[in-house]
Amino acid sequence: DSSNDWVGDDTNLNVRQVYAEFSDLPSFTGAFENASIWAGKRFDRNNFDIHWLDSDVVFLAGTGAGIYDMQFADNWKSSFSLYGRSFNGYDKLGGGSSDTDNLVLTSNNYFGDFQVMVNAMSAADNDERNIGAGQQAADNGWHTMVAYHGDNFFGNEGNFKAAVLHGQGLGAEVKGLGSNGDLTEDATSTRLALYGTTYVAPNWRAAPSVLAETSEDRLNKGDRFDWATFNLRLANEITQNFEMQYEGSYQYMDLDRGDGNAVSGNFGKLTIAPTFKPEVGGFWKRPEIRLFASYTDWDEELNGFDSDDAFGDEGYTGGQWSFGVQTEVWF
């Protein structure tokens, strides 16, 4: 009953991706010679993330169809897709509940190392959603992203990615495109994402990252959320199969829900992780097994902002240690 990539809350069987894709079709010529077409439910091929933060830079998923890799010029490759996502069982103004689909029309264009993504969204009748007195939910929106994908780190071995994203209305959920139906018609969000990996010494790797966002009128008229995260992961390759990983994170938050509930403060975390892997030599090499110890601190001024979250509840004071083991395998 849902076009969404995750429906595990509503059914005993959740299928996140099932689609057909055809490529190298002999009758496709000219700009379509290397193009592929697809239909079904999937994660968009052009999604990418900041792995160390476990946060997507942009994530588009749903049920639909599209065409990838049309070559309009020597330095211009383009893709078009139409995705549908479901907004199920929301409360209507005046009572009752309703459902609607959010359609996302996306155009992804690559000019060398640069990516320009443009999205238009429409969810008929979503403006009937009850999001509070005196405000109206968005039933349309737009979103754009300009990104750079570098195959080196400012001339050194490694890689570097940068992105600026902006959205309005339904497009103000700038990370998970089309996934939030509670946004107001005046919602605006702008996000910056930067990260890279490189060697700073023969046996030392570094991966810095920055993620920041500012938004207004997002969930309530007059709300404003400003935050910025700075993260650094270091790895010291000690033997062919063992390295020490270190990571530090700092986040500043200035959060105002527009209803008199406003807080500001800082969050920080430090981690040390002895790591075993079949072969060291890069941040992207897997599998690996890590032991870890993390120290987390949190300003008490942030408590009470969200009683439904483990962070921010009145009982959370920060200054805590966590210990564990992780394994990571990529297919």
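Residues numbered from 1 in each chain as written. Predicted model: local features only at pLDDT ≥ 70, side-chain atom pairs only at ≥ 80, totals over all residues. Heavy atoms only, no water.

A. Fine view of the packing of aromatic side chains. Following the criterion strictly, the structure yields 18 aromatic pairs and no others. Aromatic side chains F43 and F59 sit 5.1 Å apart centroid to centroid with 65 degrees between the ring planes, which places their arrangement in the edge-to-face category. Of the two residues, F43 is situated in strand 2 (residues 36-43) and F59 in the loop between strand 4 (55-58) and strand 5 (61-73); the sequence distance between them amounts to 16 residues. Residue classification places F59 among the buried positions, given a relative accessible area of 19%. On the basis of an interplanar angle of 55 degrees and a centroid distance of 5.0 Å, the ring pair of W52 and F283 is categorised as tilted. In this pair, W52 is assigned in the loop between strand 3 (48-50) and strand 4 and F283 in the loop between strand 15 (262-276) and strand 16 (288-298), connecting sequence segments 231 residues apart. Here W52 falls in the buried class, since its relative accessible area comes to 6%. Taken together, the aromatic side chains of W52, F283, W284 and W330 make up a single cluster linked through ring pairs. Directly above the ring of Y68 sits R45, whose terminal nitrogen or CZ lies 4.2 Å from the centroid. Between R129 and the ring centre of F87, over which it is positioned, the NZ or CZ distance is 5.4 Å. (Phe/Tyr/Trp six-rings, centres within 6.5 Å; stacked < 30°, edge-to-face > 60°. Helix = DSSP H or I, 4+ residues; strand = E, 2+ residues; numbered from the N terminus. Buried < 20%, exposed > 50% of the residue type's maximum accessible area, 1.4 Å probe, protein only. Lys NZ or Arg CZ within 6 Å of the ring centre and 35° of its normal.)

B. Up close: a nonpolar patch on the surface. Residues F72, W76, F80, F111, F114 and V146 make up a contiguous nonpolar surface patch of roughly 530 Å² in combined accessible area. With respect to the helices and strands, the residue F80 is situated in strand 6 (residues 76-91). When its relative accessible area of 36% is taken as the criterion, F80 is described as partly exposed. (Patch = residues over 30% accessible without salt bridge, like charges linked within 9 Å, V, L, I, M, F, W, Y side chains within 5 Å. Areas by Shrake-Rupley, 256 points an atom, 1.4 Å probe, with all protein chains shown as cover. Salt bridge = Lys/Arg side-chain N within 4 Å of Asp/Glu carboxyl O.)

C. Inspection of a negative patch on the surface at higher detail. Residues D1, D9, D10, D99 and D101 make up a contiguous surface patch of negative charge. On the secondary structure map, D9 appears in the segment before strand 1 (18-23). (Lys, Arg positive; Asp, Glu negative; His and termini not counted. Charge placed at Lys NZ, Arg CZ, Asp CG, Glu CD.)

Geometric descriptors of this kind do not, in isolation, establish any biological role.
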